[in-house]
Amino acid sequence: MNWIDKLERKFGRYGIPNLTFYIVICYVLGYILMQFNPALLNMMSLEPAMILQGQVWRLVTWVIYPPSTGNIMWFAISILFFYYPIGSSLERTWGTFRYNLYIFSGLLFVMIAAFLTYFVTGRIYLMGNVFTTYYVSMSVFLAYAASYPNVQILLFFVIPIRMKWMAWVYGIMIVYDMVTYIRLGVWVMAVPIVASFLNFILFFFTGGRMSRFRPKEVKRRRDFQKAVNRGRVNPETGGIAKHKCAICGRTELDDPNLEFRFCSKCNGNYEYCQDHLFTHQHVK
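So, how was this worked out
Residues numbered from 1 in each chain as written. Predicted model: local features only at pLDDT ≥ 70, side-chain atom pairs only at ≥ 80, totals over all residues. Heavy atoms only, no water. Phe/Tyr/Trp six-rings, centres within 6.5 Å; stacked < 30°, edge-to-face > 60°. Helix = DSSP H or I, 4+ residues; strand = E, 2+ residues; numbered from the N terminus. Buried < 20%, exposed > 50% of the residue type's maximum accessible area, 1.4 Å probe, protein only. Axes fitted to C-alpha atoms, helices over the stretch in contact; angles between N-to-C directions. Parallel < 35°, antiparallel > 145°, perpendicular 65-115°, else oblique. Contact = heavy atoms within 4.5 Å. Nonpolar A, V, L, I, M, F, W, Y, C, P; charged D, E, K, R; others polar.

(A) Quick look at the packing of aromatic side chains. Under the counting rule described, the total for this entry stands at 11 aromatic pairs. Seen in terms of ring centroids, Tyr27 and Tyr83 are 5.9 Å apart; in terms of plane orientation they differ by 55°. Their pairing is tilted. Here Tyr27, found in helix α2 (residues 19–36), pairs with Tyr83, found in helix α6 (residues 72–94); they are 56 residues apart in sequence, far enough to count as distant. Across this residue pair, the class does not change: Tyr27 and Tyr83 are buried. Ring centres 6.2 Å apart and planes at 45° place the aromatic pair Phe115 and Phe119 in the tilted group. Here Phe119 and Phe115 lie together in helix α7 (residues 96–121), a separation of 4 residues that amounts to about one turn. An aromatic cluster is built from Trp94, Tyr102 and Phe203, whose rings are joined through pairwise contacts.

(B) Molecular detail of the packing of α7 against helix α11 (residues 198–205). Where α7 meets α11, the closest approach of the two axes is 8 Å, and the angle between their N-to-C directions is 140°. As the angle between them shows, α7 and α11 are arranged oblique. Contact residues: α7 offers Arg98, Leu101, Tyr102, Ser105, Gly106 and Phe109, while α11 offers Leu198, Asn199, Phe200, Leu202, Phe203 and Phe204. Partitioned by chemical class, the residues of the contact of α7 with α11 number 8 nonpolar, 3 polar and 1 charged.

In structure tokens form, the structure reads like this:
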């Protein structure tokens, strides 16, 4: 069992369903404030110096900064027709807890990076305008592309393109921006980029095994479960068994004294009777 599984077992009940909807509400509120009362929005930004002086509400309110600050048409397209659909799809694919963990870990890394930058430099760089949710939102886009690489969308509502190619182009742009910031001596601008994508690195390049949530893998497990369920119907009695051994095919209808367990080392939902639980060959 990997570290995400362990966290989900212990804290899974605390996940916030439909988290993307609440994030979109925050972005809409932030966009309205940006248009009509930018001074009030600045009072909610992530400024470590101000937080250390007692303005602790900034630890929470900074998340209302919208990732898109263009005209209202572009804001509506990017948030309502792009960010919300992909975020909701990821939550349905991964589950509520894992999606919550991905979002909140990204926000946490950005906050830590903002404070570390302030402690290292001792200066205020208007961090509220630097450490925002923009790259966290983009990390959601990359996570969606990694989970659905072959999904095709219409770029600018005209050009058909697969998500994996958009992700590669965006990744190249990110690296170029980071190199440019460092070369120009404004390395502070590169810090939020790195911090925002630490969650992506943790989920996809560590023991998270997020490949199991790709659509092909999800469909494979569902087809397997359906096949198992069909095999659990007893043709003689018509009864439906709750357990079935993947080796011998016996169910509790064959012998009520049999015990069944799922194997944690097999890649999939494989259940075995007591005679084959420790003797079967693990499915990888």
